[in-house]
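# Results of the structural survey
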Amino acid sequence: MDCKKLKILLRQFSNDRKWNKFHTLKNLACSISIESSELLEIFQWEDLSSLDNRQKKLKEKVSDEVADIMLYLLRFSDLAEIDIEKACFKKIEKNEKKYPVNLSKGNSKKYTDL
């Protein structure tokens, strides 16, 4: 994934529509939460453990919501001047320390309860 290219496309998309005044960190954080809720809504009353090819429409809906979340997250990180790739690698390193394999393997407890 080319985050820089996507950020440039999103900047242009926003500029073309004069939406920058709406793209505050607060508004974008709200939008990330709202889109995440829309993803969750798809699963609310369904017993879905996976999406297979027989559920094409459902998979498309899920894909659209995942894309919405990611696009808002990229726009947020652009405005907040966060290198999302570096932030992800750094967080994975932190999680490796918080959840050592010998304590967390096969265990869903929070790191404070290990």
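Remember, it's a predicted structure, so these values are computed and weren't measured experimentally. (Residues numbered from 1 in each chain as written. Predicted model: local features only at pLDDT ≥ 70, side-chain atom pairs only at ≥ 80, totals over all residues. Heavy atoms only, no water.)

### Some remarks on the overall build of the protein chain
Scanning the protein chain from N- to C-terminus turns up five helices and zero strands. Shown N-terminal to C-terminal, the secondary structure of the protein chain runs as helices and strands in the order α-α-α-α-α. Reported as C-alpha extents along the three principal axes, the dimensions of the protein chain are approximately 50 × 35 × 25 Å. Buried positions account for 19% of the 114 residues belonging to the protein chain. Of the contacts formed within the protein chain by residues at least 6 apart in sequence, a portion of 58% connects residues at least 24 apart. Carbon and sulfur atoms make up 55% of the accessible area of the protein chain, which totals about 9,300 Å². (Helix = DSSP H or I, 4+ residues; strand = E, 2+ residues; numbered from the N terminus. Buried < 20%, exposed > 50% of the residue type's maximum accessible area, 1.4 Å probe, protein only. Contact = heavy atoms within 4.5 Å. Areas by Shrake-Rupley, 256 points an atom, 1.4 Å probe, with all protein chains shown as cover.)

### A short note on the nonpolar core
With six residues, the main nonpolar core is built from Leu 39, Ile 42, Leu 48, Leu 58, Val 62 and Ile 69. Listing elements by their share of this core, those giving two or more residues are helix H2 (25-43) and helix H3 (56-79). The residues contacting Leu 48, other than those within four sequence positions of it, are Ile 42, Phe 43, Gln 55 and Leu 58. (Core = buried A, V, L, I, M, F, W, Y, C linked by side-chain atoms within 4.5 Å.)

### Considering the packing of H2 against H3
Between two packed helices, the angle of one axis relative to the other and the distance separating the axes together describe the packing. At a minimum axis distance of 9 Å, the contact between H2 and H3 shows a crossing angle of 165°. Viewed along their axes, H2 and H3 adopt a mutual orientation that is roughly antiparallel. Considering only the axes of H2 and H3, their crossing is left-handed. Together, Leu 25, Leu 28, Ala 29, Ser 31, Ile 32, Glu 35, Ser 36, Glu 38, Leu 39, Ile 42 and Phe 43 of H2 and Leu 58, Lys 61, Val 62, Glu 65, Val 66, Asp 68, Ile 69, Tyr 72, Leu 73, Arg 75, Phe 76 and Leu 79 of H3 make up the contact between the two elements. Considering only residue class, the contact of H2 with H3 consists of 15 nonpolar, two polar and six charged. (Axes fitted to C-alpha atoms, helices over the stretch in contact; angles between N-to-C directions. Parallel < 35°, antiparallel > 145°, perpendicular 65-115°, else oblique. Left-handed = near helix turned anticlockwise from the far one by under 90°. Nonpolar A, V, L, I, M, F, W, Y, C, P; charged D, E, K, R; others polar.)

### Some remarks on the packing of helix H1 (residues 3-17) against H3
Put simply, H1 and H3 touch, their axes get as near as 9 Å, and they point 90° apart. As the angle between them shows, H1 and H3 are arranged roughly perpendicular. Of H3, the residues touching H1 (which contributes Cys 3, Leu 6, Lys 7, Leu 10, Arg 11 and Ser 14) are Leu 71, Leu 74, Arg 75, Ser 77 and Asp 78. Here the residues of the contact of H1 with H3 are counted per class, giving five nonpolar, two polar and four charged.

### Describing the pattern of salt bridges
Taken as a whole and assessed by the stated rule, the structure comprises two salt bridges. Notably, a salt bridge pairs Asp 78 with Arg 11, separated by 2.7 Å at the nearest N-O pair. Taken as a pair, Asp 78 in helix H3 and Arg 11 in helix H1 lie far apart in primary sequence, 67 residues in all. By relative accessible area, Arg 11 is classed as partly exposed at 36%. The partner of Arg 75 in a salt bridge is Asp 78, and the shortest N-O contact between them spans 3.8 Å. Taken together, the residues Arg 75 and Asp 78, both in helix H3 and three residues apart, mark about one turn of the helix. Take Arg 75 and Asp 78: they sit in the same class, and that class is buried. (Salt bridge = Lys/Arg side-chain N within 4 Å of Asp/Glu carboxyl O.)

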